[in-house]
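Listed here are the chains, written in short residue letters.
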Amino acid sequence: MTQEIKTLVENSKIAAEEMKKCTQDEVDLMCRVIAQTIHDNARELAELAVEETGMGKVESKIDKNETTGAGIWLTMKNQKSVGIIGEDKEKGLVYVAHPKGVIAAIAPITNPTITPLGNSMLAIKGRNTVIISPHPRAKETTTRTVNYMNEALRKINAPENIIQVIKEPSIEASQALMSTCDVIVATGGMNMVKAAYSSGKPAYGVGQGNVQTIVDDEYDNLDLAAQYIVLGRSFDNGIICACNQSAIVHKDRKAELVDSLKRHGAYYLENNNEVDKVRNALFKDGKLQADIIGKPAFEIAKKAGIKVPEDTSILVVATEARGDQDVLCGEKLCPVLILTTYTNFEEAVEIAKANLLYQGAGHSTVIHSNNKAKIEFAALELPVGRVLVNVPGIAAGGGGLFTHLDPTPSLGCGSWGGNSISENLTYKHLLNIARIAYPRKEAPPTYEEIWS
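This one's a predicted model, so the numbers in the text were calculated from it and none came from an experiment. (Residues numbered from 1 in each chain as written. Predicted model: local features only at pLDDT ≥ 70, side-chain atom pairs only at ≥ 80, totals over all residues. Heavy atoms only, no water.)

1. Some words on the packing of helix H2 (residues 24–40) against helix H4 (residues 58–76)
Link 1 in the chain: Relative to each other, H2 and H4 sit at 160°, their axes nearing to 8 Å. Relative to H4, the element H2 is oriented roughly antiparallel. The handedness of the crossing between H2 and H4 comes out as left-handed. Between H2, through Asp28, Cys31, Arg32, Ala35, Ile38 and His39, and H4, the contact on the second element is made entirely by Asn65, Glu66, Gly69, Trp73 and Met76. (Axes fitted to C-alpha atoms, helices over the stretch in contact; angles between N-to-C directions. Helix = DSSP H or I, 4+ residues; strand = E, 2+ residues; numbered from the N terminus. Parallel < 35°, antiparallel > 145°, perpendicular 65-115°, else oblique. Left-handed = near helix turned anticlockwise from the far one by under 90°. Contact = heavy atoms within 4.5 Å.)

Here it is as C-alpha cells:
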C-alpha cells in the first residue's frame, strides 16, 4: 500500500469518528451544499470533462451536473438517516441508523463529476466518509469536483476530510483503497467491478448497459417514441450505460418509425455495405474501439467512410441479427442504434432477451406501449432490474424528470449482472440498521394455526 492511500484512509477514519457526532440537520446541510456547488459550476466542470477525456457532449454534461445532485437531494430531503429512523409499533420494532464507515468510491471516465458527487451525497447522508478513486484519464475533472465540494463543506464548518480524492490514480491505488476501506461503491468497467467484489470487502457494483427498446405495434404515438429513442441514444454521445441501444419495431410499422427517427435527427442505414462499414468502424476483433467512444455521429460516420449531415444526432443501422450473432447487438458507447423488426410481441421480447443475455443482463429495458398486459409480460420475461415505460433509457438513473425511480450514479443489475442489488443505489444501502426488538404483545401462534 502506498503512503498516499495509507494517509487517506487514516484521515478518513478520523473524519468518520467526527461524523458520528453530527446531527440530521448537519449531514443534510452537507449534502445540500455539495449538490448546489456542482450545480453552480456545472458548465466549467462539463467543459473540462470533455476537454480532458475527449468524450461526450458539453450540454449533456451540464444537464447531468445540474440535475443529478438536485434529484438526489430531493429524494433524501426530510428523510431520517441519523439515530432512530423508524418504528413499527405493532411489531415492537425500532430501527436505529449507524454509518458504515469509510466508503471507497470508484469513479469512471464517463461520469467524472456526477459519480463522485452522487456517491458523496449518499455516503454523507449516512454519516460516512468517502475516498474517491478517479479514472486516470479524468483525474483533473474529478479532483476539481472534489475541491469544489470541499470548499462548500468548509464554509459550513463541516469536519475535515469527509471527502478525499486519490491524487495519482492507478489500478494499484484503487485496489489498495478497496482492500482497506469498509464498503466499496464501484461504478465503471466490469474489470473494476469484479475487482471490488473480490477485494474481501462489502461492495456495490454496476453491470454492463445494453438497454433494449421495444416499440409495441399498437402504440399510438410513434413520433414521441422516436423522439425519446433519439434523446436516449444521443445523450452525452451515448456513453451513459442507460442510453437506448436498440429499436425493436413491428415489421409493418418499421417505415413509420424510421421516418419519425429521421425527423428527430437520425440517419438511417439499411444497405448491407454501409452497415458493414459502421460495424467495422466500431469493432475490431469483436472489441469496441476506444477512438469512437463518446464521439459524435458525424465523426463515426466519417470514420466509416459514410457522408452524413454534421448535425446528425444518431446513426440507425438495420440488422435482423440478435444476441451473439452480431456485435452490433451489444453495448455501443456512442450514438449508434440498431433497428430490428418482429412479427409478434412475443418475438420482440425474445429479441430483447437474446441481446440482453449477450450483453447487459440486469440493467434496463424500455417499452413504448399503453398495453399493461404486454408491459407486464415483458417484465416477467426479461432479465432486467428496470422496465421503463414510454420514456428514454436514460430515465433508468432516476432524477424525477421521467419516473419516480431513485436518482443515483450507480444502477445495480442484480445477479443477472453480477451485482449485489438489482435496484438503484441510495443512501439507505450505506447505512447499518440496528433493530430494537421488544417482546411480542400477543401469544405466538400454535403449530396447528401455523400449518392450517
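2. Side note on the side chain of arginine 253
Link 1 in the chain: Looking at the element boundaries, arginine 253 is found in the loop between strand S9 (246–250) and helix H10 (254–263).
Link 2 in the chain: Arginine 253 sits in the buried class, given a relative accessible area of 17%.
Link 3 in the chain: There is a polar contact of 2.5 Å between the side chain of arginine 253 and the backbone oxygen of tyrosine 219.
Link 4 in the chain: Among residues more than four places away in sequence, those in contact with arginine 253 are Asp216, Asp217, Glu218, Tyr219 and Leu222. (Buried < 20%, exposed > 50% of the residue type's maximum accessible area, 1.4 Å probe, protein only. Polar contact = N/O pair within 3.5 Å; in protein donor to acceptor, adjacent residues only side chain to side chain.)

3. Observations regarding the pairing of strand S14 (residues 336–342)
Link 1 in the chain: In terms of burial, S14 is largely enclosed, as 7 of its 7 residues are buried.
Link 2 in the chain: Side chains of S14 alternate between two faces, with Val336, Ile338, Thr340 and Tyr342 and Leu337, Leu339 and Thr341 buried alike.
Link 3 in the chain: Bridging between S9 and S14 involves 5 bridges; their strand directions are parallel. What sits directly across from valine 249, in S14, is threonine 341.
Link 4 in the chain: As paired strands, strand S13 (residues 314–318) and S14 are joined by 4 bridges and run parallel to one another. Opposite leucine 315, over in S14, you have valine 336 as the bridge partner. (Pairing = 2+ DSSP bridges.)

4. Some details on a nonpolar patch on the surface
Link 1 in the chain: Judged by side-chain polarity, Leu231, Leu401 and Phe402 come together as a nonpolar surface patch covering roughly 270 Å² of accessible area.
Link 2 in the chain: You can see leucine 231 is positioned in helix H9 (residues 222–234).
Link 3 in the chain: Owing to a relative accessible area of 31%, leucine 231 belongs among the partly exposed residues under this scheme. (Patch = residues over 30% accessible without salt bridge, like charges linked within 9 Å, V, L, I, M, F, W, Y side chains within 5 Å. Areas by Shrake-Rupley, 256 points an atom, 1.4 Å probe, with all protein chains shown as cover. Salt bridge = Lys/Arg side-chain N within 4 Å of Asp/Glu carboxyl O.)

5. Points about the packing of H4 against helix H5 (residues 114–125)
Link 1 in the chain: It is the contact of H4 with H5, at a shortest axis distance of 10 Å, that shows an interaxial angle of 15°. Relative to H5, the element H4 lies roughly parallel. Helix-helix and strand crossings are classified by hand; for H4 and H5 the assignment is right-handed. Packed against H4, whose contacting residues are Lys64, Asn65, Thr68, Gly69, Ile72, Trp73 and Met76, the element H5 presents Ile114, Leu117, Gly118, Met121, Leu122 and Lys125 at the interface.
Link 2 in the chain: Taken together, the residues of the contact of H4 with H5 sort by class into 7 nonpolar, 4 polar and 2 charged. (Nonpolar A, V, L, I, M, F, W, Y, C, P; charged D, E, K, R; others polar.)

6. A short note on the environment of methionine 76
Link 1 in the chain: Tracing the chain through its elements places methionine 76 in helix H4.
Link 2 in the chain: Counting along the chain gives 54 residues from methionine 76 to cysteine 22, while the straight-line C-alpha distance between them is 17 Å.
Link 3 in the chain: For methionine 76, the contacting residues outside a window of four places in its chain are Cys31, Met121, Leu122, Lys125 and Tyr427.

7. Regarding the sheet that holds strand S2 (residues 93–99)
Backbone-to-backbone hydrogen bonds join strands into a sheet, with any given pair of strands oriented parallel or antiparallel.
Link 1 in the chain: Across the sheet, which stays open at both edges, the 3 strands sit in the order S1-S2-S17 with antiparallel pairing between neighbours. Sheet topology places strand S1 (83–88) and strand S17 (431–437) at the edges, where each strand pairs with a single neighbour. Between one strand and the next, the sheet's axes are offset by a mean angle of 25°, whatever the strand orientation.
Link 2 in the chain: In this structure, S1 lies alongside S2, joined through 5 bridges in antiparallel fashion. Each bridged residue has a counterpart across the sheet, and for glutamate 87 the counterpart in S2 is valine 94.

8. So, the nonpolar core
Link 1 in the chain: Counting 42 residues, the largest nonpolar core has Ile34, Met121 and Ile163 as its most contacted members.
Link 2 in the chain: Where this core is concerned, the elements lending two or more residues are H2, H4, strand S3 (102–106), H5, strand S4 (129–133), helix H6 (139–155), strand S5 (163–165) and strand S6 (183–186).
Link 3 in the chain: For this core, the element with the highest residue contribution is H2, accounting for 7 residues.
Link 4 in the chain: What isoleucine 34 contacts, discounting residues up to four positions off in sequence, is Leu117, Ser120, Met121, Ile124, Met149, Leu153 and Ile163. (Core = buried A, V, L, I, M, F, W, Y, C linked by side-chain atoms within 4.5 Å.)

9. Focus on helix H1 (residues 3–19)
Residues lying three or four places apart along an α-helix face the same way, a consequence of the helix completing one turn every 3.6 residues.
Link 1 in the chain: Compared with an ideal rise of 1.5 Å per residue, which puts 17 residues at 24 Å, H1 spans 24 Å between its outermost C-alpha atoms and is within 8% of the ideal.
Link 2 in the chain: Along H1, the positions that sit buried rather than exposed are Ile5, Leu8, Val9, Ser12, Ala15, Ala16 and Met19. One side of H1 holds all its buried residues, which, seen down the axis, span an arc of 130°. Relative to its buried face, H1 has exposed residues pointing more than 90 degrees away, namely Gln3 and Ile14.
Link 3 in the chain: Here the buried face of H1 lies against H2, S3, H5, S4, S5 and helix H7 (171–180). (Expected span 1.5 Å × (residues − 1). Arc of directions from axis to C-beta.)

10. Some details on the packing of aromatic side chains
Link 1 in the chain: Summed over all chains, the structure comprises 2 aromatic pairs.
Link 2 in the chain: Seen in terms of ring centroids, tyrosine 228 and phenylalanine 402 are 5.7 Å apart; in terms of plane orientation they differ by 85°. Their pairing is edge-to-face. On the criterion of sequence distance, the pair formed by tyrosine 228 in helix H9 and phenylalanine 402 in the loop between strand S16 (384–389) and S17 is long-range, its members being 174 residues apart.
Link 3 in the chain: Residue tyrosine 228 is classed as buried on the basis of its relative accessible area, which comes to 17%.
Link 4 in the chain: Given the relative accessible area of 34%, phenylalanine 402 is considered partly exposed.
Link 5 in the chain: Sitting over the ring of tyrosine 427, lysine 125 keeps its end group 5.5 Å from the ring centre. (Phe/Tyr/Trp six-rings, centres within 6.5 Å; stacked < 30°, edge-to-face > 60°. Lys NZ or Arg CZ within 6 Å of the ring centre and 35° of its normal.)

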